[in-house]
Amino acid sequence: MFRCWLLASAAILFVCACGKATTGPEEQLRDWVSRGVTAAENGERRVLVGMISPAYADARGNDRDRIENIFRAYFLRMDNIELLPAIEEITVIGDSAAELLITVGMAGTHDGVLGFSADAYRFSLELENDGADWQLISARWGELGEELR
């Protein structure tokens, strides 16, 4: 169960919306990832949910409301979250769409048996820019070395 929360959290952390800027799409997306990591590490669930498109859907059957519930439970359970993202690839499609491939090392403390959890995952994120903000519209993820789904 912890892994499900952790995966969903990480997926959404990287959907941080990017405000209007004078930089290009790739720089905006890198900033977006950085802001998403900061929000997740600070447990800012509402900020993260705001980074997700209302039309979000993924192959696991999640929608925006389900992801919000996952965040709610995850942040209540975890005392501390640390993320180490590595952007592998950014593909910008036109000016309004992008795909990101990211590897994330994740660690957290909680009140469980060992009190500590750590894993690494890969994420494939699809985003769109509505002219003002980048928002996550879909995501696939899996443990490092396994197939994304």
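Because the structure is predicted, anything quoted here is derived from the model rather than measured.

Reading the values: the criteria
- Residues numbered from 1 in each chain as written.
- Predicted model: local features only at pLDDT ≥ 70, side-chain atom pairs only at ≥ 80, totals over all residues.
- Heavy atoms only, no water.
- Buried < 20%, exposed > 50% of the residue type's maximum accessible area, 1.4 Å probe, protein only.
- Helix = DSSP H or I, 4+ residues; strand = E, 2+ residues; numbered from the N terminus.
- Pairing = 2+ DSSP bridges.
- Contact = heavy atoms within 4.5 Å.
- Phe/Tyr/Trp six-rings, centres within 6.5 Å; stacked < 30°, edge-to-face > 60°.
- Expected span 1.5 Å × (residues − 1).
- Core = buried A, V, L, I, M, F, W, Y, C linked by side-chain atoms within 4.5 Å.

**Quick notes on the pairing of strand β2 (residues 97-110)**
Burial runs high along β2: 10 of the 14 residues are buried. The pairing of strand β1 (residues 78-93) with β2 spans 14 bridges and is classified as antiparallel. By the bridge assignment, Leu84 is partnered in β2 with Gly105. Hairpin connection, β1 to β2: the antiparallel pair is bridged by 3 residues, and Gly94 has positive phi, about 65°. Across 13 bridges, the pairing between β2 and strand β3 (residues 116-129) is antiparallel. Looking at β3, one finds that Glu99 is bridged to Glu126.

**Here's the deal with the environment of Pro54**
Summarising the element assignment, Pro54 is placed in the loop between α3 (45-49) and α4 (64-77). Note on Pro54: relative accessible area 64%, which makes it exposed. Taking the C-alpha atoms as reference, Pro54 lies 8.6 Å from Asp65; in sequence the two are 11 residues apart. Excluding residues that lie within four positions of it along the chain, Pro54 makes contacts with Arg64 and Gln135.

**Details of the packing of aromatic side chains**
As enumerated under the stated definition, the model contains 4 aromatic pairs in all. Consider the rings of Phe71 and Phe75, whose centres lie 5.6 Å apart with planes at 10°: the pair is stacked. Of the two residues, Phe71 and Phe75 both sit in helix α4, 4 residues apart, roughly one turn of that helix. Take Phe71 and Phe75: they sit in the same class, and that class is buried. Members of the aromatic cluster, joined through ring pairs, are Phe71, Tyr74 and Phe75.

**Regarding helix α2 (residues 25-41)**
Taking 1.5 Å per residue as the helical rise, α2 with its 17 residues ought to reach 24 Å, and the 24 Å between its terminal C-alpha atoms agrees with that figure. By the burial criterion, the buried members of α2 are Gln28, Leu29, Trp32, Val33, Gly36, Val37, Ala39 and Ala40. The positive-phi residue at the C-terminal boundary of α2 is Gly43, with phi of around 65°.

**Considering the nonpolar core**
Core analysis: the biggest nonpolar cluster contains 33 residues, and Leu100 and Leu125 have the highest contact counts within it. Looking at this core, the elements with two or more residues in it are α2, α3, α4, β1, β2, β3 and β4 (134-143). Residue contributions to this core peak at 6 residues, all from α2. Non-local contacts of Leu100, meaning those with residues more than four positions away in its chain, are made with Leu29, Trp32, Val33, Glu89, Ile90, Phe123, Ser124, Leu125 and Leu127.

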